[in-house]
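If you want the building blocks of each chain, they are given just below.
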Amino acid sequence: MRGAAHLASSLGDASLRMTPWQSLLLPNLAATDAELALAGLAALGLLCDPAQPLARMVACTGSAGCAKALADTKADAVQLAALLREPGPVAGIHLSGCARSCALAHRAPATLLAVGPGHYDLYFHDPAQPGLGAPGGRNLTLKEAGAQLDARLRSNPDD
Ligand code: SF4
């Protein structure tokens, strides 16, 4: 964060904004400095390419910091990102440690709801269905969930 703050003050107006999608914005940069800012953020270890699978995931605190969580959602998101092969939409996958869904106020295109350590029920958003959407699998391992997500994104590239 200190590195991002330094970039914001050296290239912009020293503003940093956090988004509801667990992203960071550096506003008010000159367009000509955008590449420099992206390179600086990437050097800090931040994801700057929306095609990176982890850049399209959000996860709640999970069992690392929440007693209600049934899984370590943040660590599982990193593992799941490494398993995915198909590029997809930004913020398209939401991992939630329980039904409270703290990490995302709206419905993601795909939701993984923890049912136990490393295991999730998968839902695909469907406005015609209540709750998280249409079931895509029950009690899936991360590998099984990744295969389902890849298959879905291949058959519905606009999801
Ligand atoms: S969604 Fe559930 S598990 Fe995740 S932070 Fe909120 S209360 Fe905890």
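Rules of the game
Residues numbered from 1 in each chain as written. Predicted model: local features only at pLDDT ≥ 70, side-chain atom pairs only at ≥ 80, totals over all residues. Near = placed C-beta within 6 Å. Nonpolar A, V, L, I, M, F, W, Y, C, P; charged D, E, K, R; others polar. Domains from an automatic or database assignment. Pairing = 2+ DSSP bridges. Helix = DSSP H or I, 4+ residues; strand = E, 2+ residues; numbered from the N terminus. Axes fitted to C-alpha atoms, helices over the stretch in contact; angles between N-to-C directions. Contact = placed C-beta atoms within 7 Å. Buried ≥ 20, exposed ≤ 12 C-beta atoms within 10 Å, placed from the backbone. Core = buried A, V, L, I, M, F, W, Y, C linked by C-beta atoms within 7 Å.

(A) Up close: the site of the ligand. Close to the ligand lie Cys60, Thr61, Cys66, Lys68, Ala69, Ser96, Gly97, Cys98, Arg100, Ser101 and Cys102. Residue classes in the shell around the ligand are distributed as five nonpolar, four polar and two charged.

(B) How the structure looks around the domain arrangement of the protein chain. Domain boundaries assigned for the protein chain yield domain 1 (2–43) and domain 2 (53–155). Here domain 1 and domain 2 have C-alpha centroids that lie 28 Å from each other.

(C) Quick peek at the sheet that holds strand S7 (residues 134–141). Spatially, S3-S4-S5-S6-S7 is the arrangement adopted by the five strands of the open sheet, whose pairing is mixed. Because the sheet does not close on itself, it has two edges, and the strands there are strand S3 (57–59) and S7. Across the sheet, the axes of successive neighbouring strands diverge by a mean angle of 20 degrees, strand direction being ignored. Pairing analysis gives six bridges linking strand S5 (residues 110–116) to strand S6 (residues 119–124), with the strands arranged antiparallel. Considered in S6, the bridge of threonine 111 is made with tyrosine 123. Helix H3 (residues 73–83) contacts S3, strand S4 (93–96) and S5 of the sheet and is inclined by roughly 160 degrees relative to S3. Where helix H4 (residues 142–155) meets the sheet, its contacts fall on S4, S5, S6 and S7, and the angle it forms with S7 comes to roughly 150 degrees.

(D) How the structure looks around the environment of leucine 80. Within the secondary structure layout, leucine 80 lies in helix H3. On the neighbour-count criterion, leucine 80 (23 C-beta atoms within 10 Å) is buried. Taking the C-alpha atoms as reference points, leucine 80 and cysteine 98, separated by 18 residues in sequence, lie 18 Å from one another.

(E) Fine view of the pairing of S4. Burial of the side chains of S4 extends over both faces: Ile93 and Leu95 are buried on one face and His94 and Ser96 on the other. As paired strands, S3 and S4 are joined by three bridges and run parallel to one another. Considered in S4, the bridge of methionine 57 is made with isoleucine 93.

(F) Seen up close, the environment of alanine 14. As for its position among the elements, alanine 14 is in the loop between helix H1 (2–11) and strand S1 (17–18). Classification of alanine 14 as partly exposed rests on a count of 13 C-beta atoms within 10 Å. For the pair formed by alanine 14 and histidine 94, sequence separation is 80 residues and the distance between their alpha carbons is 30 Å.

(G) Representation of unusual backbone geometry. Despite not being glycine, alanine 14 shows a phi value in the positive range, around 70 degrees. Non-glycine residue serine 101 carries a positive phi angle of around 60 degrees.

(H) Summary view of the nonpolar core. Core analysis: the biggest nonpolar cluster contains 28 residues, and Ala59, Ile93, Leu112, Tyr120, Leu122 and Ala145 have the highest contact counts within it. Looking at this core, the elements with two or more residues in it are S3, H3, S4, S5, S6 and H4. Non-local contacts of tyrosine 120, meaning those with residues more than four positions away in its chain, are made with Ala71, Leu112, Leu113, Ala114, Val115, Leu140 and Ala145.

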